[in-house]
Amino acid sequence: MDVSFTTKMSLLAGGLLLTLSACSDPQQAAQKSLQKIAASLQQEKTDLDPQKQLAAYQQMVTDVQAITKDYADSATGKALAAGQSVDGISVAGLTKLRDAMAERAPCYASPTSACLRPFSHHPSGPTQARGGAAASGSAQQAAEQICSQGFAAADKALEGMKINKPAYAKEVIQLGLAAGQCQRPDDVKAAVNAFMAIYPGADEQQVNSLLSILATPGLQAAWPEVMAQLEKGLQSGQYGKNATASVTLNLALGYANAGNSAKALEKYRDFTDTLHYRADPSTQQQLAAAIMASGDIDSGLKIMGATANQDVLAVALNQGINALATRLGLFQPGITTRLPFNENTTLHDYLSAVSADAKPAYQSATQAFEGQIDNMAPTVRRSNQTVGLIGLDRDYALLALIHQKLGEPQLATAALKKGQAYGARMLGQPENSPDYPSIAAPSAVVLIAQGDYAGAAHLIQAGNLSSDAYGALLMKAAGQTMNAEQTLDIANTISRQYGLYNTYTVVIPEMAQAGRMDDIDKLIAAWAGNPAQKRLFYGLILDGLVAHGDADAAKEYAQKQHLADDDLGKLRLDAQLLKIPAIATSQAKAEPLIREMFQIGQTLDKGQGVQYSGGSDRMIAQNAAAAAFRNGYVDLGIELYRAAANKDQRPLLAAFEKKIAPQDTTRVLMLANNQLSEDRMRTVVDHAIRALDS
């Protein structure tokens, strides 16, 4: 039971008066008074009310000063008066505690990001490097804020920087890039508009800054605003001859990338016919490809001069198709030799539907490209430009992928067949070509999306697509729909490119999540590898059952396979079960698991901890406190954190992963203040600021 501050102070004062009246030995009386202060100090280390703790520290300072006066002749009184520490107590030490809490108490009682910042690792706001440039950490901080609250809120953090225009301009562009990554186009525009308010394109250097924005894909949402600003500059006649030409050419490229081929051609004619300049070959190719990607194939080919020579024509068409695929998100900007895949790529995201407004233009451009390729394919001669990485066979594979993206699987299948026929005519055995992987990759993605897993497996094998991305993509899809025997057939086909163990680790959770336990049992029974790895597969099954949300099935399976027979197994099972929303959101269901995790953790921490390669972890019990905080059970988190034998700041950081009530923010901050070193306490404050700003 908590004792009120008034009662504690009365007891403390009464105790000191009793000591003064009852002890005739000054040294004994001084020591007893000091012991009471030490006991009170220890008790205050548990107080989570900042104002009460401040008042208590003030009283302790007064009491220890009284000892130096009332017992001036005692050894204790003399030592304290001389500034020495007696039994860990000194006037200076208590004064430091009081003053530190005096600074924090008003803010901790009613926390805001602004008042907390002086107690963080970044007391002046976003960290500044020498010369006024924003340090690398500030971009991450800004990114988190702009993605959760938008540009206006993120911009407030830069208020003090605005008088340093170069530094602010650099940081505000970082905000725009961050907004682009988290799909906030209006905030991209706001960031770029803030940049243009500083650098509107008044001189050649500012013009180059605007042109660099126009060349940055992550800021594409703001390109219309930048182009409008550059157009104003052209109309005002404020640019010199070379700057005018540069702006005109870049506007042509900008309009082409935005899909406005008519405006792009108008600007390009101004550049060539009115200003009498010639574009460098690279820019000329980019412009032509962008215009073709907008559906005007003939104008793009004319710019490239690619109407007669088959090799030049093949290169031009390939660049146009690459530009179209990039515009649809099938390539990363500037990287067209490979698909932007990794082991976490999902078909749902990669082939997400195109907006209804944009779709007709993309379909028209795709059909125009395919018509050109169809016209060339029957008569074209074999060359390095007509087959392989930039050849017509790859063009067909990319067109198939584009059709699939546009929701046209029949047209995708037709394009694949035309590409296969073309490759066979030109190469005989196209699988033997060193460029075949560039054709097999988009083709395999199309077949996986269409459910032709055997065909996709053949392409992965023939193209030797050893990247984990394609094997994982195929086996995830197969695991969702195919039975054990069919799945193993597919897995064995690509076993050289994607090992069987990898297949099992991908397929088993998919099957478990779908509740297909019979197929999983058959897969495991058929495992011919290391028998010890079967236990790992059982853990994957548990993962799948948890992902499916079936707590009873998960516990039953863990018991059946002896996954929770020891303390570590129980610990893992409890942590897994807490991932199920129905359990995590119910304290009645979650708390028993969390308390069991704590008890097991305390036992492990007192022993050898959890062993891992290179050492051991003896801070296991505190993970239970982190679980409580993470799921919003702050009282439980505080109780377990205090009781943990070994602890650091990490459980307190978990308290700020989600929205937290102001009064709970106060208590967690005070817990950090009472328990942690200065540096770790600042880390907790950093996370509190992010939570308050989110």
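Just so you know, these numbers come straight off a predicted model, no measurement behind them. (Residues numbered from 1 in each chain as written. Predicted model: local features only at pLDDT ≥ 70, side-chain atom pairs only at ≥ 80, totals over all residues. Heavy atoms only, no water.)

Chemist: Just give me the short version of the nonpolar core, but keep the residues and values in it.
Modeler: By size, the foremost hydrophobic cluster in this structure holds 221 residues, and its most contacted members are Leu 474, Met 475, Ile 594 and Phe 629. Residues contacting Met 475, with those up to four places away along its chain left out, are Thr 487, Ile 490, Ala 491, Ile 494, Tyr 498, Thr 503, Val 506 and Val 507. (Core = buried A, V, L, I, M, F, W, Y, C linked by side-chain atoms within 4.5 Å. Buried < 20%, exposed > 50% of the residue type's maximum accessible area, 1.4 Å probe, protein only. Contact = heavy atoms within 4.5 Å.)

Chemist: Let's hear about the environment of Ala 252: which residues, and what values?
Modeler: Mapping Ala 252 onto the fold places it in helix 13 (residues 241-257). In the structure, Ala 252 is positioned 421 residues away from Asn 673 in sequence and 59 Å away in space, judged by C-alpha atoms. Residue contacts for Ala 252: discarding those within four places in its chain leaves Ala 264, Lys 267, Tyr 268 and Leu 287. (Helix = DSSP H or I, 4+ residues; strand = E, 2+ residues; numbered from the N terminus.)

Chemist: How would you explain the packing of helix 20 (residues 392-405) against helix 22 (residues 436-450) if you had to name every residue and give the values?
Modeler: One can describe the packing of helix 20 onto helix 22 by two numbers: an axis separation of 9 Å at closest approach and a directional angle of 25°. Here helix 22 runs roughly parallel to helix 20, going by the angle between their axes. Here helix 20 and helix 22 pass one another in a crossing that is left-handed. Between helix 20 and helix 22, the contacting residues are Asp 393, Arg 394, Ala 397, Leu 398, Ala 400, Leu 401 and Gln 404 on the first element and Ser 438, Ile 439, Pro 442, Ser 443, Val 445, Val 446, Ala 449 and Gln 450 on the second. A breakdown of the residues in the contact of helix 20 with helix 22 according to their chemical character gives nine nonpolar, four polar and two charged. (Axes fitted to C-alpha atoms, helices over the stretch in contact; angles between N-to-C directions. Parallel < 35°, antiparallel > 145°, perpendicular 65-115°, else oblique. Left-handed = near helix turned anticlockwise from the far one by under 90°. Nonpolar A, V, L, I, M, F, W, Y, C, P; charged D, E, K, R; others polar.)

Chemist: Outline the packing of aromatic side chains, supporting the account with residue identities and numerical values.
Modeler: For the structure shown, the criterion picks out 12 aromatic pairs. For the pair Tyr 501 and Phe 537, a centre-to-centre distance of 5.7 Å together with 35° between the ring planes defines the contact as tilted. Separated by 36 residues along the polypeptide, Tyr 501 in helix 26 (residues 500-513) and Phe 537 in helix 28 (residues 533-548) bring together distant segments of the chain. What makes Tyr 501 partly exposed here is its relative accessible area of 29%. With a relative accessible area of 0%, Phe 537 lands in the buried category. Ring centres of Trp 527 and Phe 537 lie 5.0 Å apart, and the angle between their planes is 85°; on these two criteria the pair is classed as edge-to-face. Within this pair, whereas Trp 527 is found in the loop between helix 27 (517-525) and helix 28, its partner Phe 537 is found in helix 28, the two being separated by 10 residues in sequence. There is no split in this pair, since Trp 527 and Phe 537 are both buried. One aromatic cluster in this structure is built from Tyr 501, Tyr 504, Trp 527 and Phe 537. Sitting over the ring of Tyr 641, Lys 647 keeps its end group 5.4 Å from the ring centre. (Phe/Tyr/Trp six-rings, centres within 6.5 Å; stacked < 30°, edge-to-face > 60°. Lys NZ or Arg CZ within 6 Å of the ring centre and 35° of its normal.)

Chemist: Requested: an account of the side chain of Thr 366, with residues and values cited.
Modeler: Mapping Thr 366 onto the fold places it in helix 19 (residues 359-376). If we ignore the near neighbours within four places in the chain, the residues touching Thr 366 are Leu 324, Leu 399, Ile 402, His 403 and Leu 406.

Chemist: Before we move on, could you go through the packing of helix 20 against helix 21 (residues 409-427) and cite the residues and values that matter?
Modeler: Put simply, helix 20 and helix 21 touch, their axes get as near as 8 Å, and they point 170° apart. Taken together, the axes of helix 20 and helix 21 are roughly antiparallel relative to one another. In contact with Leu 392, Asp 393, Tyr 396, Ala 397, Ala 400, His 403 and Gln 404 of helix 20, helix 21 contributes Pro 409, Leu 411, Ala 412, Ala 415, Leu 416, Lys 418, Gly 419, Tyr 422 and Leu 427. In terms of residue class, the contact of helix 20 with helix 21 is made up of 11 nonpolar, three polar and two charged.

Chemist: Talk me through helix 15 (residues 281-293); I want residue IDs and the actual numbers.
Modeler: Along its 13 residues, helix 15 runs 18 Å from first to last C-alpha, staying within 8% of the 18 Å computed at 1.5 Å per residue. Considered for burial, the residues of helix 15 that qualify are Thr 283, Leu 287, Ala 288, Ala 289, Ala 290, Ile 291, Met 292 and Ala 293. Structurally, helix 15 contributes buried residues whose contacts are with helix 13, helix 14 (261-274), helix 16 (297-304), helix 17 (310-327) and helix 19. Just beyond helix 15, the residue with positive phi is Gly 295, at close to 105°. (Expected span 1.5 Å × (residues − 1).)

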